[in-house]
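An overview of the molecular structure
Given next are the chains, with one letter for each unit.
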Amino acid sequence: MSTQGLDEFAGWVEGLMRARGYDIDSPRGGGKSRIADEAGVHRAAVTRLLQRQSMPDLETMRRIAPLLGVSVRDMLIRSGRVTPEELPLAADLLPPTDWQPTMEDFARWLGVPDERMDVFVKVVTQFLVEPEAEDGDVRPAGESRRAAQD
């Protein structure tokens, strides 16, 4: 990591510490010791970061992040160890809310081979759709004629 990257990260962490009420500026303020004790890390790790000597290890970040009100993900990204693309949010992995999976999607998720895809879709669809009703409409399985008329 570059000196500039370490300096930027340490400055960000300092701001978070101050915002949470840790007195890290006065020699006898006790903020460095207090955060180290509350996080369960060595005081030296906190001191080395604030003095821009070294980047904290993953375990130190994992323990300090909750005290500072940030996620470990944010700490890792701000530290330059990973990019947002390398550590996506779970919501980023989900499909759009208006997306409806097809039978083919379900077949792929279940590992149905391509050569059996048509058979899978045909069989499963038979269970999900009732045969044509007297009025010519096709209804989802379980929907009564009376419900369809209402």
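Just above, that's the structure.
So, here's what we can say about the structure. (Residues numbered from 1 in each chain as written. Predicted model: local features only at pLDDT ≥ 70, side-chain atom pairs only at ≥ 80, totals over all residues. Heavy atoms only, no water.)

Okay, the nonpolar core next. With 24 residues, the main nonpolar core has Phe9, Val13, Met17, Val46, Leu68 and Met75 as its most contacted residues. Elements with a contribution of two residues or more to this core: helix 1 (3-19), helix 2 (31-39), helix 3 (43-50), helix 4 (58-68) and helix 5 (72-79). Per-element tally for this core: the top contributor is helix 1, with 7 residues. For Val46, the residues in contact, after removing those within four places along its chain, are Met17, Lys32, Ile35, Ala36, Val41 and Ile64. Of all hydrophobic cores here, the second largest spans 5 residues; its members include Ala107, Val112, Met117 and Phe120. (Core = buried A, V, L, I, M, F, W, Y, C linked by side-chain atoms within 4.5 Å. Buried < 20%, exposed > 50% of the residue type's maximum accessible area, 1.4 Å probe, protein only. Helix = DSSP H or I, 4+ residues; strand = E, 2+ residues; numbered from the N terminus. Contact = heavy atoms within 4.5 Å.)

Turning to helix 3, its buried residues number three or more, namely Ala45, Val46, Thr47, Leu49 and Leu50. Of the surrounding elements, those touching the buried residues of helix 3 are helix 1, helix 2 and helix 4. Following helix 3 by one or two positions, Arg52 has its phi on the positive side, about 60°.

The full count for this structure, using the stated rule, is 2 aromatic pairs. Measuring from ring centre to ring centre gives 5.9 Å for Phe9 and Trp12, while their planes differ by 40°; the resulting arrangement is tilted. With Phe9 and Trp12 both in helix 1 and 3 residues apart, this pair spans about one turn of that helix. Consider the rings of Phe106 and Trp109, whose centres lie 5.1 Å apart with planes at 85°: the pair is edge-to-face. Within this pair, Phe106 and its partner Trp109 are both found in helix 7 (residues 103-109), separated by 3 residues, close to a single helical turn. A relative accessible area of 52% places Trp109 in the exposed class. (Phe/Tyr/Trp six-rings, centres within 6.5 Å; stacked < 30°, edge-to-face > 60°.)

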